Structures are given as structure tokens and as C-alpha cells.
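# Geometric and topological summary
Next come the chains, spelled out residue by residue.
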Amino acid sequence: MTIVAKDLVWGVRQKTIVDSVSLTVAKGETLGLIGPNGSGKSSLLRLLAGLKQPQSGQVEILGQDIARVPRRALARQVAFVQQDTTTDTNLSVRDVVRLGRTPHRSALSGWTETDRAVVLAALERVNMNGHIAQGWQTLSGGERQRVHIARALAQTPQVMFLDEPTNHLDIHHQIEILRVIRDLELTSVIALHDLNLAAMFCDRIVVLDGGTVRACGTPEAVLTQQLLRDVFKVEADVECSLTGSPHIRFRAQ
Ligand SMILES: Nc1ncnc2c1ncn2[C@@H]1O[C@H](COP(=O)(O)OP(=O)(O)OP(=O)(O)O)[C@@H](O)[C@H]1O
Ligand SMILES: [Mg+2]
């Protein structure tokens, strides 16, 4: 297993926000994290990536307890694309993606041919190589999101956590980005709101509700009419698509 989380608990004051969550993610697997607003997806992702310390419980990535791995070493293996993050700078697109190389470079070394090639390949993957010299501030919302993903790709991680990476993206780029993530030899955990996209691109899905795992399994096992009603408070018909993944048709009433 590439990621093993055991009994993670985290909260603020009296409120438990992530409540005894355990999960595993196999090498190369794409795990979807779904759940209503406030169910704890972002909090759990931050715990899994080591950006927050749990009050109890443990996360192992690639066989190591992440609480004991130095940050820089962790950053060579794990990348995180935050929800709605901003980069408040005058940097160019190239400079922002270059930041992804930081954990791989020593203070004294210059830019290597590998660094340049990785940055360019990351920009090509998200179809942003035509904007390489453009100022970050002048990008559209969807373009910024794609550059953030390129920065994470430039880290050449083995594990990637993405918090609603399809925010601001048009449908073509939503599908394109999820395809890129699925097809890379990466182990990834992705928080998503679009349940049909989660069904299309995730090998397994974890459903969070009030900080606890309500269901975990393949999209067809998890995305049932009953679960959609109980957890998401919506009425829907779940059909089997031609590819075998479930397709949800929401009802207006
Ligand atoms: N530092 C904090 N202090 C107080 N409450 C917090 C803190 N961090 C998170 N919360 C609360 O914990 C709950 C879970 O938040 P979280 O951001 O993990 O949810 P989410 O599932 O990612 O939601 P969304 O779908 O809206 O992104 C929310 O009710 C939020 O207000
Ligand atoms: Mg969130």
C-alpha cells in the first residue's frame, strides 16, 4: 500500500472534524474523496499530506510515518494542489511551475537540463505551454488552476493530493486534467464535487459525511440511489454507462 491512514482524528475546540478515519490507497490507484460541503474532505487531505497534524492516528506514505519524514524529503514524494489557492506574486507562469522543482534542488545548484525539461513537460501536460512567459496575475481562473497542477506535476511526486482540482475548469479541461492524473503512474487522492466525474475517473471512492467514512468501494458499489439520498440529500437515478461506470441523473424534484 502506498498510503495507509489509521484512525485519524482532528478537530478544533469541542468539534471533531475528522473522526476516526482509516483508509488505504494502493500504488497507482486514484481514490476519489466525495462528501457534502463541510464533511471534512479538505481537512482529511491536509492530514494525509502532512500539512496538519492529527490529534491521534497515523499516516504512512511509501512505508514511512509522515510525522517522522523531514518536510523537504516529503515534498520530493508528495505534491498537494490546494482548493482555490492563490499565488500572490508577479511571477510568470514558468516561475510558478519552477517552484515545483524546489525540493529537488540544492541552494547552490543552477537550473539543470532535467529541471527545464520537467517544467516544460508539466506545462505541456496541462496544455499551458503557450502561456509560459505570461504573468500569473493576468491568467484566467481556469488557467491558474492548470498552472497550479503543472507546479505539482513538476515536483515529480509519487503521491498527489488534489483538492477540487477541476474548480474553474471548463468541461473539456476538467476531463483532460482528470485523465492526465489517472494516466500518470501516480497514486492520487482527489476531492471532487462532480459525482459523475468521480465515477468516471476514480478506481475507488470514499464518501465522507460529518467527518466519518460513510462508504468506501468502487464507484458502482458506492454511488447508489440510497447513498445519494442519505448523504447528499438528492433524488437521482443511477444508470450503468457503456463503460460500466455508474452515471447519475439528478432529478429536479
Ligand atoms: N481551522 C478550523 N477552525 C474551525 N473550523 C474548521 C477549521 N477547519 C475546518 N473547519 C470546519 O470543519 C468542517 C470541515 O471543513 P472542510 O474544509 O474539511 O470541509 P470540506 O468537506 O472540504 O468542504 P467543501 O466541500 O466546502 O470544500 C467545516 O465545517 C469547517 O467549517
Ligand atoms: Mg474542501
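Thresholds, definitions, all that
Residues numbered from 1 in each chain as written. Chains lettered and ligands numbered in written order. Predicted model: local features only at pLDDT ≥ 70, side-chain atom pairs only at ≥ 80, totals over all residues. Heavy atoms only, no water. Helix = DSSP H or I, 4+ residues; strand = E, 2+ residues; numbered from the N terminus. Rg over C-alpha atoms; globule rule 2.2 N^0.38 Å. Buried < 20%, exposed > 50% of the residue type's maximum accessible area, 1.4 Å probe, protein only. Contact = heavy atoms within 4.5 Å. Areas by Shrake-Rupley, 256 points an atom, 1.4 Å probe, with all protein chains shown as cover. Core = buried A, V, L, I, M, F, W, Y, C linked by side-chain atoms within 4.5 Å. Pairing = 2+ DSSP bridges. Axes fitted to C-alpha atoms, helices over the stretch in contact; angles between N-to-C directions. Near = heavy atom within 4 Å. Polar contact = N/O pair within 3.5 Å; in protein donor to acceptor, adjacent residues only side chain to side chain. Nonpolar A, V, L, I, M, F, W, Y, C, P; charged D, E, K, R; others polar. Salt bridge = Lys/Arg side-chain N within 4 Å of Asp/Glu carboxyl O.

This part takes up the overall build of the chain. On a plain count of helices and strands, the chain comes out with nine helices and 12 strands. A compact globule built from 253 residues would reach a C-alpha radius of gyration of about 18 Å, and the chain, at 19 Å, matches this within 12%. Viewed in the frame of its principal axes, the chain has a C-alpha envelope of about 55 × 40 × 30 Å. Counting the 253 residues in the chain, one finds 48% classified as buried. Of all intrachain contacts in the chain linking residues separated by at least 6 positions in sequence, the fraction that spans at least 24 positions is 62%. Total accessible area computed for the chain in this model is approximately 12,200 Å², and 48% of it derives from carbon and sulfur atoms.

This part covers the nonpolar core. Ranked by internal contacts, the top residues of the largest apolar core, which has 48 residues, are M160 and V207. It is helix 5 (residues 141-154) that contributes the most residues to this core, six residues altogether. Not counting the four nearest positions on each side in its chain, V207 is found in contact with I34, T212, V213, R214, A215, V222, L227, V231 and F232. Counting residues in each nonpolar core, the second largest holds 29 residues, with V21, L44, L47 and L48 among its members.

So, about the sheet that holds strand 10 (residues 212-217). Across the sheet, which stays open at both edges, the six strands sit in the order 6-7-8-3-9-10 with mixed pairing between neighbours. The open sheet is flanked by strand 6 (78-81) and strand 10, the only strands paired with a single partner. Going across the sheet, the axis of each strand differs from the next one's by a mean of 15°, ignoring polarity. Across five bridges, the pairing between strand 7 (residues 159-163) and strand 8 (residues 187-191) is parallel. Of the residues in strand 8, the one forming a bridge with L162 is I190. Packed on one face of the sheet, helix 9 (residues 225-232) meets strand 3 (30-34), strand 9 (204-209) and strand 10 and runs near 35° to strand 9.

Let's shift gears to the site of ligand 1. The environment of ligand 1 is made up of 15 residues, and the closest members are G38, K41, S42, S43 and H193. Between ligand 1 and the protein, one listed contact pairs an oxygen atom with a side-chain N or O atom of N37 at 3.0 Å. K41 places a polar side-chain atom, nitrogen or oxygen, 2.7 Å from an oxygen atom of ligand 1. For ligand 1, whose free accessible area comes to 640 Å², the fraction covered by protein is 64%. Counting residues per element, the ones that place at least two in the shell around ligand 1 are strand 1 (3-12), strand 2 (15-25) and helix 1 (41-48). Here the residues of the shell around ligand 1 are counted per class, giving four nonpolar, eight polar and three charged.

A few words now on the pairing of strand 12 (residues 246-250). In the sheet, strand 11 (residues 236-240) pairs with strand 12 via five bridges, with the strands oriented antiparallel. The residue of strand 12 that forms the bridge with D237 is R249. Two successive antiparallel strands, strand 11 and strand 12, enclose a turn made up of five residues, where G244 displays a positive phi of approximately 95°.

In this structure the tally under the stated criterion is 12 salt bridges. Linking R101 and D115 is a salt bridge whose minimum nitrogen-to-oxygen distance equals 2.8 Å. With R101 in the loop between helix 3 (93-98) and helix 4 (113-125) and D115 in helix 4, this residue pair connects regions lying 14 residues apart in the sequence. R101 gets classed as buried once you look at its relative accessible area, which sits at 6%. Exposure remark for D115: the relative accessible area of 4% places this residue in the buried category. Note that E235 is salt-bridged to R229, the shortest N-O span being 2.8 Å. A relative accessible area of 25% means that E235 is categorised as partly exposed. By sharing partners, the salt bridges in this structure join R229, E235, D237 and R251 into a single network.

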